[in-house]
Number of protein chains: 2
Amino acid sequence: MNLRLDYNNVIKEYVGEHGIDSDDFNEYKDKIASAIEGMKKKKDEGKMDFRLMPFVQDDVVNDINDYVESVKEKGVIDTFVVLGIGGSALGPIAVQQALNHPYYNELTKEQRKGCPRLYVLDNVDPEKIVNFLDIVDLKKCLFNVISKSGSTSETMSQFMIIEEKMKKVLDNEDELKDHFVFTTDKEKGNLVKIGKEKGYKMFVVPSGVGGRFSELTPVGLLAAAMCGINISELLRGAKEMDMACDKTNYRESPAYMYAIIHYILMNKNKKLSVMMPYSDRLKYMSDWYCQLWAESIGKKFDNEGKEVWGGMTPIKALGVTDQHSQLQLYTEGPFDKIVVFLKNERFKNELMIPEVYGDIPEINFLGGHTQNELINVELSSTEIALNKMGKPNMKIIFPEINEYYIGQFIQMMEIATGFMGELMNINAFDQPGVEEGKNCTYAIFNKPGYEEKKKELESQKKRTDKFIC
Amino acid sequence: MNLRLDYNNVIKEYVGEHGIDSDDFNEYKDKIASAIEGMKKKKDEGKMDFRLMPFVQDDVVNDINDYVESVKEKGVIDTFVVLGIGGSALGPIAVQQALNHPYYNELTKEQRKGCPRLYVLDNVDPEKIVNFLDIVDLKKCLFNVISKSGSTSETMSQFMIIEEKMKKVLDNEDELKDHFVFTTDKEKGNLVKIGKEKGYKMFVVPSGVGGRFSELTPVGLLAAAMCGINISELLRGAKEMDMACDKTNYRESPAYMYAIIHYILMNKNKKLSVMMPYSDRLKYMSDWYCQLWAESIGKKFDNEGKEVWGGMTPIKALGVTDQHSQLQLYTEGPFDKIVVFLKNERFKNELMIPEVYGDIPEINFLGGHTQNELINVELSSTEIALNKMGKPNMKIIFPEINEYYIGQFIQMMEIATGFMGELMNINAFDQPGVEEGKNCTYAIFNKPGYEEKKKELESQKKRTDKFIC
């Protein structure tokens with residue numbers, strides 16, 4: 001079985017005038033056909049290498065599993081720490097949350113089946129590392145530094161700080177090898193240089209796969225395997241989904257349909273895409289998706305260099321929790337959204353609500369039902385409420401949450417994102433809009449080569465104190 | 001000193017055509033004046049009781065602190081658990097994250113200065129409670145059930161489940177009193193009835209204060225005090241801010257200005273409000289704000305009953321982390337947003353980046369700087385990048401993050417939200433749009449009184465399998 005995309009509630013017949021109908025699909029017929037062609041071409045030309053990842057990594061999986069085994073055998077490490085940001089952090093967090101115990105780090109080592117605790121330090125808040133050191137023994141930590149270029153300021157500054165601290169607690173520098181592992185480019189960049197010099201174990205981010213598409217490379221697979229997740233199953237799910245999506249008839253491809261529906265609605269001025277899982281496990285999958293969707297399709301220029309200021313803003317929400325914080329807006333607010341629910345058909349346990357308080361019918365009616373029923377009935381009720389208000393929504397259905405389906409979901413969303421880029425005729429794989437900020441930071445920090453930028457900044461008009469209160 | 005609102009970067013002179021200028025302020029002059037009047041009137045008429053909370057709760061604070069003391073003295077409890085959802089959960093989470101150690105629950109009891117661990121169970125995912133029980137000893141847990149009406153299905157079902165489980169582990173039912181405390185209405189509702197019968201300690205949610213405005217009532221204050229946070233200081237900050245905002249000249253009121261800028265930009269079709277703190281501590285303040293802003297101003301009807309489908313969609317982001325996931329969209333995507341940064345001027349420690357790797361200038365330039373510098377330089381750089389692309393942004397400046405300023409922030413955002421309601425001429429204090437979903441759930445669960453709704457649901461057009469893939 002595969003994940004299913006149920007898009008009944010974006011169809012006009014069910015949701016009303018703000019939905020879509022066959023005329024809309026017809027209007028974009030040619031565009032869709034050429035996007036399907038574009039996907040094939042880019043894959044063949046090596047411009048969508050994330051598509052290959054589920055098919056070509058047998059050796060990588062073995063290498064990772066062997067390394068994990070060797071770390072466990074040595075018995076030094078009880079804490080695995082990702083130093084990474086953006087795509088290097090969101091994927092590892094999301095997969096861990098989806099597949100491991102929700103309070104994983106608070107379990108005993110026995111409950112964790114001997115796997116280390118996992119932390120992801122994905123910010124440069126100066127309090128973060130200091131506070132982190134309050135709760136771990138540095139000598140038992142293994143740091144996975146993830147940066148394809150080896151020049152990400154945030155990650156590299158964390159590495160520089162922690163490597164120095166580590167030196168101070170180890171008996172000799174030769175032991176550093178047990179505490180750092182790099183995930184970076186095969187040949188280029190600062191981490192390669194450092195890793196070779198110091199003999200750190202290194203894993204490769206394939207050159208044709210960008211950060212936000214890299215969860216199913218060693219970027220995400222290493223942390224997952226380290227925490228006991230079956231990474232072969234992740235990849236098997238992704239493989240099945242890749243084949244299920246690679247269709248000439250777009251109606252059979254859940255990833256293509258996902259993108260097409262978004263594209264049509266975007267052109268009807270619905271530029272917000274809410275992802276709302278009804279499952280705590282999937283909460284951080286929304287975060288991961290938000291990066292993928294935002295960075296890939298938010299672009300000033302199209303492929304012909306025309307200014308388009310394109311993009312949709314992804315929003316993360318959690319059911320049922322956010323029924324009590326966002327739903328009021330989704331039902332009664334502007335017609336500017338599509339809501340995508342993630343439904344879990346089989347939770348790992350059943351939880352019965354006891355038949356108590358017979359004298360209080362206001363709550364007694366809950367008794368005899370399960371929380372499993374409650375959460376999915378609330379999802380249905382939310383769909384009904386949105387439909388009634390004419391707000392388009394759809395859902396992705398997980399038969400259950402395990403490695404296989406999480407792999408499917410990742411691949412499906414990545415293909416959908418690539419396909420959305422084709423429909424919009426933009427480059428879904430770059431991020432030119434973040435360069436300006438990076439360059440300003442370099443200039444302010446006097447990085448060699450940014451002298452011109454520094455002059456530009458200094459010549460900028462100074463703000464006054466007039467507009468402050 | 002107070003929090004400051006720096007809105008230079010929404011001014012046309014600095015950000016360009018998508019910004020605002022004095023003509024805009026003039027255009028809405030009368031509306032602003034009548035909103036200021038409306039605020040006064042509503043406060044006097046008892047329709048904005050959240051305004052009073054910082055001024056009238058001396059007894060409440062004493063009661064809470066005494067209770068906390070008594071719990072600690074008994075020495076039975078090592079874990080405090082909030083059962084609540086929406087406003088009953090988001091505030092407690094946000095304040096805890098802002099003011100306590102980021103890995104608070106993983107500290108030793110000594111490091112926590114004898115305070116209990118804190119968990120907030122704000123969803124009905126059936127795995128949640130079961131997994132939670134893996135890591136705690138029920139006999140050492142104190143559950144704070146928060147629901148003003150006492151009929152919130154999610155919270156009440158959790159309570160029913162846990163109370164039954166607790167009975168099984170206790171020696172006799174008389175001990176239940178040590179494990180449950182209610183925060184609810186003064187007189188009405190199921191929790192009052194249950195609490196009285198069983199002799200549970202109860203705290204009061206003032207009747208005139210709605211859930212999302214209730215953080216500075218016992219809803220939020222109890223959990224905070226239990227975890228060692230100085231709640232008098234929270235209230236003192238809120239009080240100072242309330243007085244600082246209560247101005248006839250709107251330019252002197254940071255809360256009014258915050259709302260006015262949003263209102264003007266909303267009318268220029270910028271209907272997204274991103275809150276992006278550059279501080280891990282403030283991350284969950286964005287979640288809290290998202291509820292406040294979304295539920296309060298997302299309304300189908302205005303006060304005259306006219307259909308408006310009004311509202312702005314709040315978005316949570318975190319700097320610098322989300323520079324690597326959302327910033328591309330914010331700079332190059334549609335002109336549909338205002339970005340609000342939260343800046344922390346003084347972190348609790350300084351963290352130096354060592355001057356290492358002299359042979360690699362690409363990273364060596366970071367050495368000798370602090371992460372404190374890095375995070376705030378990145379904030380400046382992001383502002384510059386947004387300005388260059390013509391994207392309006394502003395920032396709220398925290399002199400530091402402590403109880404006083406968190407109290408200020410909460411009150412400022414609540415006043416801004418109330419004021420936004422006045423400007424939009426909508427009721428910022430109800431949430432009619434969530435009733436439909438609730439009623440559907442009641443009907444499906446056969447709650448007495450919802451027989452008509454059940455018939456309506458049964459008569460609805462069935463979806464086909466046509467629109468699924």
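Right, let's walk through the structure included here. (Residues numbered from 1 in each chain as written. Chains lettered and ligands numbered in written order. Predicted model: local features only at pLDDT ≥ 70, side-chain atom pairs only at ≥ 80, totals over all residues. Heavy atoms only, no water.)

Focus: the nonpolar core
The biggest cluster of nonpolar side chains holds 205 residues, and the ones touching the most others in it are Tyr 258, Ile 396 and Ile 406 of chain A together with Tyr 258, Ile 396 and Ile 406 of chain B. Residue contacts for Ile 406 of chain B: discarding those within four places in its chain leaves Val 95, Ala 98, Leu 99, Leu 234, Leu 282, Met 285, Phe 398 and Ile 401 of chain B. (Core = buried A, V, L, I, M, F, W, Y, C linked by side-chain atoms within 4.5 Å. Buried < 20%, exposed > 50% of the residue type's maximum accessible area, 1.4 Å probe, protein only. Contact = heavy atoms within 4.5 Å.)

Concerning the relation of the copies chain B and chain A
Note on the copies: chain B fits chain A at an RMSD of 0.0 Å, the axial shift is 0.0 Å, and the rotation between them is 180°. Here the transformation between the copies is reduced to the relation of a two-fold axis. (Least-squares fit on C-alpha atoms with pLDDT ≥ 70 in both.)

With respect to the environment of Gly 19 of chain B
All names here are of chain B. Tracing the chain through its elements places Gly 19 in the loop between α1 (12–15) and α2 (22–27). Each C-alpha atom of the pair Gly 19 and Met 389 lies 11 Å from the other, and the pair is 370 residues apart in sequence. Gly 19 has contacts with Val 10, Lys 12, Asp 24 and Lys 268, leaving out every residue within four places of it along the chain. (Helix = DSSP H or I, 4+ residues; strand = E, 2+ residues; numbered from the N terminus.)

Digging into the interface of chain B and chain A
Counting residues at the interface gives 159 residues for chain B and 159 residues for chain A. When the area that chain B buries against chain A is broken down by residue, the three leading residues are Phe 445, Phe 467 and Cys 469 of chain B, summing to 7%. Taken together, chain B and chain A are joined by 12 salt bridges. For the side of chain B that touches chain A, the element with the most residues is helix α15 (residues 371–388) of chain B, which contributes 12 residues. Here the residues of the side of chain B that touches chain A sort into 69 nonpolar, 46 polar and 44 charged. (Buried area = accessible area lost by both parts, 1.4 Å probe. Salt bridge = Lys/Arg side-chain N within 4 Å of Asp/Glu carboxyl O. Nonpolar A, V, L, I, M, F, W, Y, C, P; charged D, E, K, R; others polar.)

Points about the sheet that holds strand β5 (residues 180–184) of chain B
Residues and elements named next belong to chain B. Spatially, 5 strands are ordered β3-β2-β4-β5-β6 in an open sheet, and the strand pairing comes out parallel. Strands at the two margins of the open sheet, each flanked by one partner only, are β3 (117–121) and β6 (201–204). Within the sheet, the average angular offset between the axes of one strand and its neighbour, ignoring direction, is 20°. Strand direction decides the pairing type here: β5 and β6, joined by 4 bridges, are parallel. Among the inter-strand pairings, Thr 184 is bridged to a residue of β6, identified as Val 204. (Pairing = 2+ DSSP bridges. Axes fitted to C-alpha atoms, helices over the stretch in contact; angles between N-to-C directions.)

Section: a nonpolar patch on the surface
All names here are of chain A. Taken together, the side chains of Leu 52, Phe 55, Val 56 and Met 243 define a hydrophobic patch exposed on the protein surface, amounting to about 330 Å² of accessible area. Its place among the elements puts Leu 52 in the loop between α3 (29–44) and α4 (58–74). What makes Leu 52 partly exposed here is its relative accessible area of 31%. (Patch = residues over 30% accessible without salt bridge, like charges linked within 9 Å, V, L, I, M, F, W, Y side chains within 5 Å. Areas by Shrake-Rupley, 256 points an atom, 1.4 Å probe, with all protein chains shown as cover.)

Re α4 of chain A
Residue and element names in this part refer to chain A. In this model, α4 (17 residues) spans 25 Å end to end at C-alpha, consistent with the 24 Å of a helix rising 1.5 Å per residue. Buried residues of α4: Val 61, Ile 64, Tyr 67, Val 68 and Val 71, and no others. Here the buried residues of α4 occupy an arc of 130° about the axis, which is enough to place them on one side. The exposed set on the far side of α4, more than 90 degrees from its buried face, consists of Asp 58, Asp 59, Asp 66, Glu 73 and Lys 74. Looking at the packing, one finds that the buried side of α4 touches β4 (141–146), β5 (180–184), β6 (201–204), α9 (218–226) and α10 (231–245). (Expected span 1.5 Å × (residues − 1). Arc of directions from axis to C-beta.)

Considerations on the pattern of salt bridges
Enumeration over the complete set of coordinates arrives at 68 salt bridges over all chains. Taking the shortest distance from any N to any O, the salt bridge between Asp 242 of chain A and Arg 51 of chain A comes out at 2.7 Å. Here Asp 242 of chain A is found in helix α10, whereas its partner Arg 51 of chain A is found in the loop between α3 and α4, with 191 residues between them in sequence. An identical accessibility class is assigned to Asp 242 of chain A and Arg 51 of chain A; each is buried. The residue Glu 45 of chain B makes a salt bridge to Lys 47 of chain B at a minimum N-O spacing of 3.2 Å. For Glu 45 of chain B, a relative accessible area of 43% gives the class partly exposed. By relative accessible area, Lys 47 of chain B is classed as partly exposed at 49%. It is possible to trace a salt-bridge network through shared partners that takes in Lys 43, Arg 51, Asp 242 and Asp 246 of chain A.

Overview of the sheet that holds strand β1 (residues 4–6) of chain A
Residue and element names in this part refer to chain A. Reading across from one edge, β1-β12-β11-β7-β10 is the order of the 5 strands in this open sheet, with mixed pairing throughout. Of all strands in the sheet, those with a lone pairing partner are β1 and β10 (313–316), marking the two edges. Strand-to-strand, the axes of this sheet are offset by a mean angle of 20°, without reference to chain direction. Strand direction decides the pairing type here: β1 and strand β12 (residues 393–398), joined by 3 bridges, are antiparallel. If you follow Asp 6 over to β12, its bridge partner there is Lys 395. Sheet contacts for helix α11 (residues 254–267): β1, β7 (272–278), β11 (337–344) and β12; angle to β11, the most-contacted strand, approximately 155°.

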